[in-house]
Amino acid sequence: MSETISVVGLGKLGLGLALSFASGGYRTIGVDINDANVRLLNRRRTPIVEPQYQELLEEVGERFEATLDHGRAIRESDVTFILTATPSDRAGRFSSRDVEAAARALGLALGESRKPHHLFVVSSTLVPGTTEARIIPVIEAASGRRLHDGFSVCYDPDFVALGSVVRDFTHPELVVIGESQPGVGEPIEAIHRRICRNTPVVSRMPIVSAELAKVSLNAYITLKITFANTIANLCEAIPGADVDAVTRAIGVDRRISPHYFKGGLAFGGTCFPRDTYGFRAVCREHGEDASLIEAVAALNDRQNERLADVTLAHASAEAPVAVLGLAFKPSTPVIEASPAVALVDALLAAGREVRVYDVLALDAARARYGARVSYAASAANALEGAATAVLTLGERALREAVEHWTPPREAVVIDCWRVLEASRLHANVTQVALGRYRPSRQATTALAA
Ligand SMILES: NC(=O)c1ccc[n+]([C@@H]2O[C@H](COP(=O)([O-])OP(=O)(O)OC[C@H]3O[C@@H](n4cnc5c(N)ncnc54)[C@H](O)[C@@H]3O)[C@@H](O)[C@H]2O)c1
């Protein structure tokens, strides 16, 4: 296996994967169809905001190169990862259109080459069965070769999270490799082992099982988050109860584990909701009972409504509501399916004035809301004149701004993750912590009746 790897699709994940390979010593060819991004990357500037991307681009230097030419991936490497986007349709099914387009371009280049073999590694999230039913036939048709007679295919899903993509690629707990026939995943396992700073458990299996493993993992995590949220909601109704005391205690049990087990807000972002809907679509498609995952999807929507209800119950019609944190999690500008965005939507629908601040996501917010909300230059600025603040992320800059907030009149901060210490707040500021007993919660529970 040569020391060159190619990655097709240099988006939020693909760029991180390519940089992780380059950082692990591989020469890496990155292919994308976005001309502006390719040029930017070759000037060593990242088009994507994500921890370590800029630093790694500078550090790996010439080992990473971006191009618009799929043919270079075939000519200059023997293994190509495909990591293009797979947007979901209304039913939750992932579209494989971009993966097929990439596979076609690569297949055509393979057809023109004389090399004996190429290994394609699909990494995008797909409906289980898609690699065999659609991607492999596309490569066969475009290249004029047959599977295992000139090329083979793996499915290597990513379990990384935005905000820690490079860290997660280099410190995974698990690596799943689907193989078009036993053994073809060997070089992929070797690549992972080389770029990993830890020793993950590597599981090799047929491709369709790996595709199913990908959607199952995220669907399971959303189940767990939803369970923590159910405990949090329960705690709000029971005097003295605190969700953190409960989840911390039982999270010690190995069967549960403390990760992703903190009640508060709905899950959001680019992966959890759509993998959950994807899993639901797979269940339905195969005639299997989807009620477990349907309940998760419905309860998650309800969790967003609860936040809107709590906020509206405390929001004055005269003063703006300050929403601190818009991204679906810290360290990312991504606002897709963010609980904070669901909140802003609900506040606007209720006719409230909204002022927003986020460390990284203000541009994304501007693109979504235009002039419908006002944008603060800092968290402190967002709080000026507000009577209600909602802290949707626990980031330090946001937390500290609330701690230094000195409103002239009574004000409320809704502390979604219980990151504020009541003793540090100004006397005029009342903390409303989600997941803790709240005597005045009647207003928020009508919807559950
Ligand atoms: N974002 C996440 O948190 C996450 C986590 C795990 C898995 N995934 C999966 O990873 C995949 C990629 O997601 P993303 O968020 O990086 O997507 P993205 O939209 O950020 O990036 C996709 C990139 O592919 C490029 N592209 C499209 N068609 C192409 C083609 N024919 N040839 C070359 N490049 C092409 C686009 O220009 C873009 O740069 C998806 O299937 C997603 O479900 C995402």
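Anything mentioned here points back to the structure above.
Residues numbered from 1 in each chain as written. Predicted model: local features only at pLDDT ≥ 70, side-chain atom pairs only at ≥ 80, totals over all residues. Heavy atoms only, no water.

Caption draft 1: A nonpolar patch on the surface, seen in detail. Taken together, the side chains of Val49, Val359 and Leu360 present a nonpolar region at the surface, about 220 Å² in accessible area. Positionally, Leu360 belongs in the loop between β11 (354-357) and α14 (362-369). Relative accessible area serves as the criterion here: at 35%, Leu360 is assigned to the partly exposed category. (Patch = residues over 30% accessible without salt bridge, like charges linked within 9 Å, V, L, I, M, F, W, Y side chains within 5 Å. Areas by Shrake-Rupley, 256 points an atom, 1.4 Å probe, with all protein chains shown as cover. Salt bridge = Lys/Arg side-chain N within 4 Å of Asp/Glu carboxyl O. Helix = DSSP H or I, 4+ residues; strand = E, 2+ residues; numbered from the N terminus. Buried < 20%, exposed > 50% of the residue type's maximum accessible area, 1.4 Å probe, protein only.)

Caption draft 2: Highlighting the pairing of strand β8 (residues 174-179). Among the 6 residues in β8, 5 count as buried, and that is most of the element. Looking at chain direction, β8 and strand β9 (residues 201-206) are connected through 6 bridges and run parallel. Each bridged residue has a counterpart across the sheet, and for Val176 the counterpart in β9 is Ser203. Regarding the hand of the β-α-β motif, the stretch spanning β8, helix α8 (residues 186-195) and β9 is right-handed. (Pairing = 2+ DSSP bridges. Right-handed = clockwise from strand over helix to strand, strands pointing away.)

Caption draft 3: Here's a closer look at the layout of surface pockets. When its volume is computed, the second largest pocket comes out at roughly 230 Å³. Looking at the second largest pocket, it is lined by 16 residues, and the ones nearest its centre are Leu383, Gly385, Ala386, Pro407 and Pro408. When its residues are assigned to classes, the lining of the second largest pocket shows 10 nonpolar, 3 polar and 3 charged. (1 Å grid on protein atoms, 1.4 Å probe; cavity = no way out; pocket = protein on both sides within 12 Å on 5 of 7 lines; lining within 4 Å. Points joined across faces, edges and corners; volume = space filled by probe spheres on them. Nonpolar A, V, L, I, M, F, W, Y, C, P; charged D, E, K, R; others polar.)

Caption draft 4: A look at the site of the ligand. Around the ligand sit 26 residues in total, of which Lys12, Leu13, Asp32, Thr86 and Arg274 are the nearest. At a separation of 2.8 Å, an oxygen atom of the ligand approaches a polar side-chain atom of Lys12. With respect to the ligand, the side chain of Arg274 contributes an N or O atom lying 2.4 Å from an oxygen atom. Notes on the ligand: free accessible area 840 Å², of which the protein chains cover 88%. (Near = heavy atom within 4 Å. Polar contact = N/O pair within 3.5 Å; in protein donor to acceptor, adjacent residues only side chain to side chain.)

Caption draft 5: Highlighting the environment of Ser423. Within the element layout of this structure, Ser423 appears in the loop between β14 (411-415) and β15 (429-433). Look at Ser423 and you get exposed, because its relative accessible area is 65%. Sequence separation between Ser423 and Glu403 is 20 residues, and the spatial gap between their C-alpha atoms is 9.3 Å.

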